[in-house]
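# Report on the structure
Each chain, letter by letter, is given below.
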Amino acid sequence: MPLPPPSIAREPMHTRTITVQSFAREDGLWDLEASLLDVKSYDFPIRNGQTHKAGDPVHLMHLRITIDSSFEIVDAVAVYDAAPYQDNCSSISHAYRKLVGLNLLKQFRQGVKERFGRSAGCTHMSELAQVLPTTAVQTMAGRRRSSGESEIYRTDKQPFHLDGCHALRLSGPVVEEFYPIWYRPKVTDGMD
């Protein structure tokens, strides 16, 4: 369902588009390629009396990570096609090799913050990295279901995604229907 139409006239200002694609590799690993594109809907002045034209990328950057079946990052590369301070921005791209060794499911976002916080990284590239864990889960879900590896069928370990959001709360109807062994009815104290 789309958002309801706005009740007040408005003018477009900025558009950020984040795209992530995943790929199964022939060597048994997976690539996730993420891109961030920022454009303005108006011209604005930049250095040396030049003008940045509406629709031209303000930021256009790409991040590729390679993961193994345990979601550990085994390779990472970052590149810039557009950045407001050109080489000054893109000179940090090599630092994103420090993603190697992080696991997308184990404190990944905290690890990104620790490695690339403030001037140790690029705000936009680090923000782009933040979308990778959920994309990886979606990438692996279909693969695991088709191979019979899915955590859905295990009874010895609660699937990691359960109790991670409102729809998948242990006391909710989705868990009750699709993951009944992990369903935990909500206990009320009679005060509700």
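Keep in mind that what you see is a predicted model, and the values were worked out from it rather than measured.

Attention now goes to the overall build of the protein chain. If you tally the helices and strands in the protein chain, you get five helices and six strands. Each helix and strand of the protein chain, ordered N terminal to C terminal, gives the series β-β-β-β-β-β-α-α-α-α-α. A compact globule built from 192 residues would reach a C-alpha radius of gyration of about 16 Å, whereas the protein chain, at 21 Å, exceeds it by more than 25%. The principal-axis extent of the C-alpha atoms belonging to the protein chain is close to 65 × 50 × 30 Å. Here the protein chain holds 192 residues, and 31% of them are scored as buried. Across the protein chain, contacts joining residues at least 24 apart in sequence account for 48% of those joining residues at least 6 apart. For the protein chain, the exposed area adds up to about 12,700 Å²; of that, 52% sits on carbon and sulfur atoms. The centroid of the 22 positive side-chain charges in the protein chain is displaced by 3 Å from the centroid of its 23 negative side-chain charges.

On to the sheet that holds strand β2 (residues 30-40). Spatially, four strands are ordered β1-β2-β5-β6 in an open sheet, and the strand pairing comes out antiparallel. Taken across any chain shown, the strands that pair with only one partner, and hence form the sheet edges, are β1 (14-24) and β6 (73-82). Each strand axis lies, on average, 10° off the axis of its neighbour in the sheet, ignoring direction. Relative to β2, β1 runs antiparallel, the two sharing 11 bridges. Within β2, the residue paired with T19 across the bridge is S35.

This brings us to the state of the cysteines. By definition, a disulfide links the sulfur atoms of two cysteine residues through a covalent bond. Applying the stated rule across the entire model yields zero disulfides. Of all cysteine sulfurs in the structure, the one in C122 sits closest to C89, which takes part in no disulfide; the separation is 6.3 Å.

Let us now look at the environment of V137. Following the sequence through the fold, V137 ends up in helix α4 (residues 132-147). A sequence separation of 64 residues divides V137 from I73, and the C-alpha atoms of the two residues are 13 Å apart. Non-local contacts of V137, meaning those with residues more than four positions away in its chain, are made with F71, L105 and F160.

Scanning the model with the defined rule gives two aromatic pairs in all. Relative to F116, the ring of Y96 has its centre 4.1 Å away and its plane inclined at 15°; by these criteria the two rings are stacked. Of the two residues, Y96 sits in the loop between α1 (86-90) and α2 (108-116) while F116 sits in helix α2, which places them 20 residues apart along the sequence. Grouping residues by exposure puts Y96 and F116 together as buried.

What follows covers the pattern of salt bridges. Under the definition given, this model contains seven salt bridges. Close ionic contact of R64 with E33 constitutes a salt bridge, the shortest N to O distance being 2.8 Å. A residue pair is termed long-range when its members are at least 10 positions apart, and R64 in strand β5 (residues 57-67) and E33 in strand β2 qualify at 31 residues. Among the charged side chains, a network of salt bridges with common partners joins R16, D38 and E127.

Let us now look at the nonpolar core. L63, I65 and L99 are the most contacted members of the largest nonpolar core, which has 32 residues in total. Elements supplying a minimum of two residues to this core: β2, β5, β6, α2, α3 (123-129) and α4.

A separate point is unusual backbone geometry. Of note, N48 is a non-glycine position whose phi angle comes to about 60°, a positive value. Judged by relative accessible area, which is 74%, N48 ranks as exposed. Positive phi, normally seen in glycine, also occurs at R118, with a value near 50°.

Reading the values: the criteria
Residues numbered from 1 in each chain as written. Predicted model: local features only at pLDDT ≥ 70, side-chain atom pairs only at ≥ 80, totals over all residues. Heavy atoms only, no water. Helix = DSSP H or I, 4+ residues; strand = E, 2+ residues; numbered from the N terminus. Rg over C-alpha atoms; globule rule 2.2 N^0.38 Å. Buried < 20%, exposed > 50% of the residue type's maximum accessible area, 1.4 Å probe, protein only. Contact = heavy atoms within 4.5 Å. Areas by Shrake-Rupley, 256 points an atom, 1.4 Å probe, with all protein chains shown as cover. Lys, Arg positive; Asp, Glu negative; His and termini not counted. Charge placed at Lys NZ, Arg CZ, Asp CG, Glu CD. Pairing = 2+ DSSP bridges. Axes fitted to C-alpha atoms, helices over the stretch in contact; angles between N-to-C directions. Disulfide = S-S within 2.5 Å. Phe/Tyr/Trp six-rings, centres within 6.5 Å; stacked < 30°, edge-to-face > 60°. Salt bridge = Lys/Arg side-chain N within 4 Å of Asp/Glu carboxyl O. Core = buried A, V, L, I, M, F, W, Y, C linked by side-chain atoms within 4.5 Å.

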